[in-house]
Amino acid sequence: MKDSEKTAAKTAKKAASEPKRITAKARRRKRRKIHTAIFYSVYAVIIIAALIAVNVGKGKLRASMEGYEASQPKYAAEAAAQIFTQRDYAALFDWEDQSVFAAQHETREQYVQYMTDLLAGKEITWSEGYSTEADTKLYVVKADGSKIGDFTLRQSAEPDESGYRQWRLDDVKLYVLAASTYTVKAPARSTVTVDGVTLDDGCVTEDNIPLFTVSLKLPDTAKVPTAKVYTFSRYFGVQDVRVTDWRGNANAVTQSGRDYTAAFNYDDEDLSVNEERIIETVRKMSCSMTNDYKDYRFKRECVVTDSPAAKYIDAYDSDWVAKHTGYDFLNMRIDHYISYSDDCFSVEAHYDYQIKYRKADPEIYPTAYNLLFMRVDDEWRLYDFTLIA
């Protein structure tokens, strides 16, 4: 065999054996990759488990530390005192007796504003006080050195999961609130409203108080209008007091300190029914006093028999007026209608009575009467009258 052929045979033999060596290397590399992946997976699991264990341990340690701190009254007191030192008045309101504020129609917002104004600019401090119970601790709260409240911690009867008996806030008290008493005197049948809340009869402390003294002689069946006194308390003051009469008309309200008084509203809306009869009576009465109308006719037509008005007219001397040719009624005004019963009312009549004399210039006499009318046989008649100075 020639040398060239031998060389070619060797090359072919080498080429045939070369793939077998490459396949074996690849297998070895593959096995190394698998082993590496398994190693790192196990390593990662170990690391994660270690981290979890550390976090669990830290959590237990934290819980244990928190339990320990809670078992120390110092830390619990510091936390509880923040309701005062941080001026959390809305939270303080929750410790108050809510029924008191509900009964007086006062709100959380009013409480917060009251406390804000009261303690503005004042230094709030707290310190441990004296407690008679072993499982409680009392702490006194002061504003600029003056006591404003206190709070109490109570130790739990049983230990928690950490094995500690914890101190917890048990009570909070404030001593700065003081209720003020207010009164409203208003005519009977009125509606009294304080800051939008209507006072009911449960607030009435006085009743049947005569509203005024009547100078007229009233019939036995007549009664003077009366007033009621409403009494109520408020912690945070009163902003608005309103009174309306039975018709819904507003009464004028005056204030003196914490006492309010509503004025009486005259029933002038009822005048239109009897105004014509009132004016007729006034005219005839004035004319009878100046000899321009017969007394007996006036009494027969307009006056209650044997009444105080009739007796006054009988005794009246009309000789004061000189001879005259005429008279007139100027600026007539009827008002101040007051009802005393279904059959009795009074009014005021104001007018200028002009007399035209024969031998002198006309004279004007400003005149005002308080007139009391009584219904007799479905007709309104004069029962009594007085001159208004």
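Above this note sits the structure.
Residues numbered from 1 in each chain as written. Predicted model: local features only at pLDDT ≥ 70, side-chain atom pairs only at ≥ 80, totals over all residues. Heavy atoms only, no water.

Undergrad: In this structure, what is going on with the sheet that holds strand β14 (residues 344-357)? I would like to understand it.
TA: In sheet architecture, strand pairing relies on hydrogen bonds along the backbone and comes in two forms, parallel and antiparallel. Strand order in the open sheet formed by four strands is β13-β14-β15-β16, and the pairing between neighbours is antiparallel. Only two strands of the sheet have a single partner each, and these edge strands are β13 (324-341) and β16 (379-387). Averaged over all adjacent pairs, the angle separating strand axes in this sheet is 30 degrees, with direction ignored. Helix α6 (residues 271-288) contacts β13, β14, β15 (363-376) and β16 of the sheet and is inclined by roughly 135 degrees relative to β13. (Pairing = 2+ DSSP bridges. Helix = DSSP H or I, 4+ residues; strand = E, 2+ residues; numbered from the N terminus. Axes fitted to C-alpha atoms, helices over the stretch in contact; angles between N-to-C directions. Contact = heavy atoms within 4.5 Å.)

Undergrad: Any chance you could explain helix α2 (residues 73-85) here in plain terms?
TA: An α-helical segment advances 3.6 residues per turn. Residues three or four places apart therefore align on the same side. Across its 13 residues, α2 extends 17 Å between first and last C-alpha, which sits within 8% of the 18 Å expected from 1.5 Å per residue. Buried within α2 are the following residues: Pro 73, Ala 76, Ala 77, Ala 80, Ala 81, Ile 83 and Phe 84. Residues of α2 that are buried in the fold lie against α3 (89-94), β1 (124-128), β2 (136-143), β3 (146-155) and β4 (167-174). (Expected span 1.5 Å × (residues − 1). Buried < 20%, exposed > 50% of the residue type's maximum accessible area, 1.4 Å probe, protein only.)

Undergrad: Looking at this structure, I do not really get empty space enclosed by the protein. What am I missing?
TA: Once rolled over the atoms, a probe with the size of a water molecule shows which space is left empty. All told, the structure shown has one cavity of 30 Å³ or more when counted by the stated rule. Of the volumes computed, that of the largest cavity is approximately 30 Å³. Ser 288, Met 289, Asp 295, Ile 313 and Tyr 316 together form the lining of the largest cavity. Of the residues in the lining of the largest cavity, the class split is three nonpolar, one polar and one charged. (1 Å grid on protein atoms, 1.4 Å probe; cavity = no way out; pocket = protein on both sides within 12 Å on 5 of 7 lines; lining within 4 Å. Points joined across faces, edges and corners; volume = space filled by probe spheres on them. Nonpolar A, V, L, I, M, F, W, Y, C, P; charged D, E, K, R; others polar.)

Undergrad: Would you explain the environment of His 324 in this entry?
TA: As for its position among the elements, His 324 is in strand β13. Residue His 324 is classed as buried on the basis of its relative accessible area, which comes to 14%. Considering only alpha carbons, one finds His 324 and Ile 355, 31 residues apart in sequence, at a separation of 6.9 Å. In contact with His 324, not counting residues within four places along its chain, are Thr 290, Asp 292, Ile 355, Lys 356, Tyr 357 and Arg 358.

Undergrad: In this structure, what is going on with the nonpolar core? I would like to understand it.
TA: Nonpolar side chains in soluble globular proteins tend to end up buried together. Ranked by internal contacts, the top residues of the largest apolar core, which has 30 residues, are Val 347, Leu 371, Leu 382 and Phe 385. Secondary-structure elements contributing two or more residues to this core are α6, α7 (295-302), α8 (308-315), β13, β14, β15 and β16. Ranked by residue count, the leading element in this core is β14, at seven residues. Contact partners of Leu 371, with chain neighbours within four places excluded, come to Leu 216, Val 282, Met 285, Phe 345, Ser 346, Val 347, Ala 349, Leu 382, Asp 384 and Phe 385. If you look at the next biggest cluster of nonpolar residues, it comprises 26 residues, including Ala 76, Ala 143, Leu 153 and Phe 236. (Core = buried A, V, L, I, M, F, W, Y, C linked by side-chain atoms within 4.5 Å.)

Undergrad: Would you explain the sheet that holds strand β9 (residues 226-234) in this entry?
TA: Across the sheet, which stays open at both edges, the five strands sit in the order β8-β9-β5-β12-β11 with mixed pairing between neighbours. The open sheet is flanked by β8 (204-210) and β11 (253-256), the only strands paired with a single partner. Adjacent strand axes in the sheet meet at a mean angle of 20 degrees, parallel and antiparallel pairs treated alike. Pairing between strand β5 (residues 180-187) and strand β12 (residues 259-262): three bridges, direction parallel. Within the sheet, the bridge partner assigned to Val 184 lies in β12 and is Tyr 260.

Undergrad: Which parts of the structure should I look at to understand α8?
TA: Looking only at α8, the buried set comprises Ala 309, Ala 310 and Ile 313. Down the axis of α8, the buried side of the element spans an arc of 100 degrees, and every buried residue falls inside it. The exposed residues of α8 that point more than 90 degrees off its buried face are Lys 311, Asp 314 and Ala 315. Looking at the packing, one finds that the buried side of α8 touches α7 and β16. (Arc of directions from axis to C-beta.)

Undergrad: Could you clarify how one ought to interpret the layout of surface pockets in this entry?
TA: Within this model, the largest pocket holds a volume of roughly 620 Å³. If you trace the largest pocket, you find 28 residues lining it, with Arg 189, Pro 225, Trp 246, Asp 267 and Ser 339 closest to the centre. Where the lining of the largest pocket is concerned, the elements lending two or more residues are α6, β13 and β14. A total of five residues in the lining of the largest pocket trace back to one element, the largest contributor, which is β13. Looking at the lining of the largest pocket residue by residue, the classes come out as 14 nonpolar, seven polar and seven charged. As a volume, the second largest pocket reaches approximately 290 Å³. Lining the second largest pocket we find 17 residues, and of these Met 289, Tyr 316, Thr 367, Tyr 369 and Leu 387 sit closest to its centre. Mapped onto the lining of the second largest pocket, the elements with two or more residues apiece are β14, β15 and β16. A total of five residues in the lining of the second largest pocket trace back to one element, the largest contributor, which is β15. Among the residues forming the lining of the second largest pocket, the class breakdown is 13 nonpolar, four polar and no charged.

Undergrad: Any chance you could explain the side chain of Ser 341 here in plain terms?
TA: By the secondary structure assignment, Ser 341 is in strand β13. One polar contact links the side chain of Ser 341 to the main-chain amide nitrogen of Cys 344, over a distance of 3.3 Å. (Polar contact = N/O pair within 3.5 Å; in protein donor to acceptor, adjacent residues only side chain to side chain.)

Undergrad: What is the right way to look at the pairing of β3 in this model?
TA: Along any regular strand the residues' side chains alternate between the sheet's two faces. Counted residue by residue, β3 has seven buried out of ten residues, so it is predominantly covered. Bridge count between β2 and β3: eight bridges; the pairing is antiparallel. Bridging across to β3, Val 140 finds its partner in Asp 150. Between β2 and β3, which pair antiparallel one after the other, the connecting turn spans two residues, and Asp 144 there sits at a positive phi close to 50 degrees. Direction of pairing for β3 relative to β4: antiparallel, over a ladder of seven bridges. Residue pairing across strands places Phe 151 opposite Val 172, the latter belonging to β4.

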